[in-house]
Amino acid sequence: MSYNGQLLDGMVIFTEVVNAGSFTLAAENTGHSTSYISKEINKLEERLGVRLMNRTTRSQSLTAEGEIYFQQCQQIIAEATQAQNALMGQQLEPTGTLRISCPASFGEAQMQPVFSGFLSRYPQVALELDVSNRKVDVIAEGFDVVIRATPQLADSSLISRRVMTSRGITVASPDYLNRKGTPSRPEQLAQQHPDQHECITYSHLKQPRLWQYQNQYGKDIQVEVGSRTLTNSSEMILSLCRDGQGIARIPEFLLTDELQQGTLVELFCDHQRFPIDVFLIYASRKHMSSKVRAFIDFVAEALANEA
């Protein structure tokens, strides 16, 4: 593609003339003389090789070619303005599309009302939501913000902000405990233990089978559990655990009525519940667009009561 340094020359003046309805008003709006406006339109028509406007001393109207060009110019100018505002962070009102990645389980359990509230507060912002458990590349895939619920955030050059802390609770169904017995200590979950228990583990963790605890005396305990089922779905873990297929460690935000209704029983109540932090991850604090800043602040405020 050859370089054309004059490609955009005259677009803004031409669009202003059409919107103003006259050369005189366009001159007043832009701070130029009427003769300057007229010369710019003439130069634009000469460069394009088409007549854009029919004009007399009393009126003006677009030609068919001028109408097509005007519609394209409007779109180009609007996109250029939005790009400039985004880079300079000067939008008075957040606008545009936000690309968000959110874990399916946390999204459905906690984020639906947050997303809804954000859309209501900022009507000029659209959301493109990737609600899944897959690991995404924030930069390569063009996400504005990625939400992660994790015991430990991996080292990264990206910026992260913790907005909520939940807990991982070790649970089992009454049916499983009746069949396999109720362990009283985390060490009984170890795969080498003579009364080995079946655990359901989450594959997105760095070490899915290594469960950490802290007892009532503050001693750290690490147990390599015997895992018969490994899955990347928190919802599947919860469902299998309810069905008596093993012991699981499940985020508290997923346990709505199970503990109260007795469909699941909490184990090791004398041990500290395992912390699970929720982070917002994004590319940089510098030159952040107003839509991203507004979303981050809104989510932090909305989840503050859950921390």
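Provided above is the structure to which this section pertains.
Residues numbered from 1 in each chain as written. Predicted model: local features only at pLDDT ≥ 70, side-chain atom pairs only at ≥ 80, totals over all residues. Heavy atoms only, no water.

### Focus: the side chain of Ser-132
Part 1 of the argument: Tracing the backbone through its elements, the reader meets Ser-132 in the loop between β4 (125–131) and β5 (145–150).
Part 2 of the argument: Residue Ser-132 is classed as buried on the basis of its relative accessible area of 18%.
Part 3 of the argument: At a separation of 3.1 Å, a polar atom in the side chain of Ser-132 contacts the side chain of Asp-130.
Part 4 of the argument: Leaving out residues up to four positions away in the same chain, Ser-132 has contacts with Cys-102, Pro-103 and Ala-104. (Helix = DSSP H or I, 4+ residues; strand = E, 2+ residues; numbered from the N terminus. Buried < 20%, exposed > 50% of the residue type's maximum accessible area, 1.4 Å probe, protein only. Polar contact = N/O pair within 3.5 Å; in protein donor to acceptor, adjacent residues only side chain to side chain. Contact = heavy atoms within 4.5 Å.)

### Considerations on the packing of helix α1 (residues 11–20) against helix α2 (residues 23–30)
Part 1 of the argument: Look at α1 against α2: their axes get within 8 Å of each other, and the N-to-C directions meet at 120°. Taken together, the axes of α1 and α2 lie oblique to each other. The crossing of α1 and α2 is right-handed. Residue-level contacts link Ile-13, Glu-16, Val-17 and Ala-20 of α1 to Phe-23, Leu-25, Ala-26, Asn-29 and Thr-30 of α2.
Part 2 of the argument: Considering only residue class, the contact of α1 with α2 consists of six nonpolar, two polar and one charged. (Axes fitted to C-alpha atoms, helices over the stretch in contact; angles between N-to-C directions. Parallel < 35°, antiparallel > 145°, perpendicular 65-115°, else oblique. Left-handed = near helix turned anticlockwise from the far one by under 90°. Nonpolar A, V, L, I, M, F, W, Y, C, P; charged D, E, K, R; others polar.)

### So, unusual backbone geometry
Part 1 of the argument: Here the phi dihedral of Phe-268 falls at roughly 55°; this positive angle occurs in a residue that is not glycine.
Part 2 of the argument: Among the secondary structure elements, Phe-268 is positioned in the loop between β12 (265–266) and β13 (274–282).
Part 3 of the argument: In this structure Phe-268 comes out as buried when scored by relative accessible area, which is 6%.

### Describing the environment of Glu-45
Part 1 of the argument: Of note, Glu-45 is situated in helix α3 (residues 34–48).
Part 2 of the argument: Given a relative accessible area of 9%, Glu-45 falls into the buried group.
Part 3 of the argument: In this structure the C-alpha to C-alpha distance between Glu-45 and Gly-10, which are 35 residues apart in sequence, comes to 9.3 Å.
Part 4 of the argument: Residues in contact with Glu-45, not counting those within four places in the same chain, are Val-50, Arg-51, Leu-52, Met-53 and Arg-55.

### Quick notes on the pattern of salt bridges
Part 1 of the argument: Scanning the entire structure with this criterion turns up 15 salt bridges.
Part 2 of the argument: A salt bridge links Arg-162 to Asp-277; the shortest N-O distance between them is 3.6 Å. With a gap of 115 residues between them, Arg-162 in strand β6 (residues 159–172) and Asp-277 in strand β13 connect regions that are remote in the sequence.
Part 3 of the argument: Among the salt bridges present, the one from Arg-228 reaches Glu-198, with a minimum N-O distance of 3.6 Å. Linking Arg-228 in strand β10 (residues 227–231) with Glu-198 in the loop between α6 (174–180) and β7 (199–202), this pair joins segments that are 30 residues apart in sequence.
Part 4 of the argument: Classification of Arg-228 by relative accessible area gives exposed; the value is 62%.
Part 5 of the argument: What you see here is one network of salt bridges that share partners, running through Arg-167, Glu-252, Glu-266 and Arg-273. (Salt bridge = Lys/Arg side-chain N within 4 Å of Asp/Glu carboxyl O.)

### Observations regarding the packing of α1 against α3
Part 1 of the argument: The geometry of α1 relative to α3 is characterised by a closest axis approach of 9 Å and an angle of 115° between their N-to-C directions. In this structure, α1 crosses over α3, and the sense of that crossing is left-handed. Contact residues: α1 offers Ile-13, Phe-14 and Val-17, while α3 offers Tyr-36, Ile-37, Glu-40, Ile-41 and Leu-44.
Part 2 of the argument: For the contact of α1 with α3, the residue count by class is seven nonpolar, no polar and one charged.

### Considerations on the nonpolar core
Part 1 of the argument: Ranked by internal contacts, the top residues of the largest apolar core, which has 41 residues, are Phe-106, Met-111, Phe-118, Ile-147 and Ile-250.
Part 2 of the argument: Of all the elements, helix α9 (residues 290–303) adds the most residues to this core, at eight residues.
Part 3 of the argument: Other than its neighbours up to four places away in sequence, Phe-118 contacts Leu-98, Val-125, Leu-127, Lys-291, Ala-294, Phe-295 and Phe-298. (Core = buried A, V, L, I, M, F, W, Y, C linked by side-chain atoms within 4.5 Å.)

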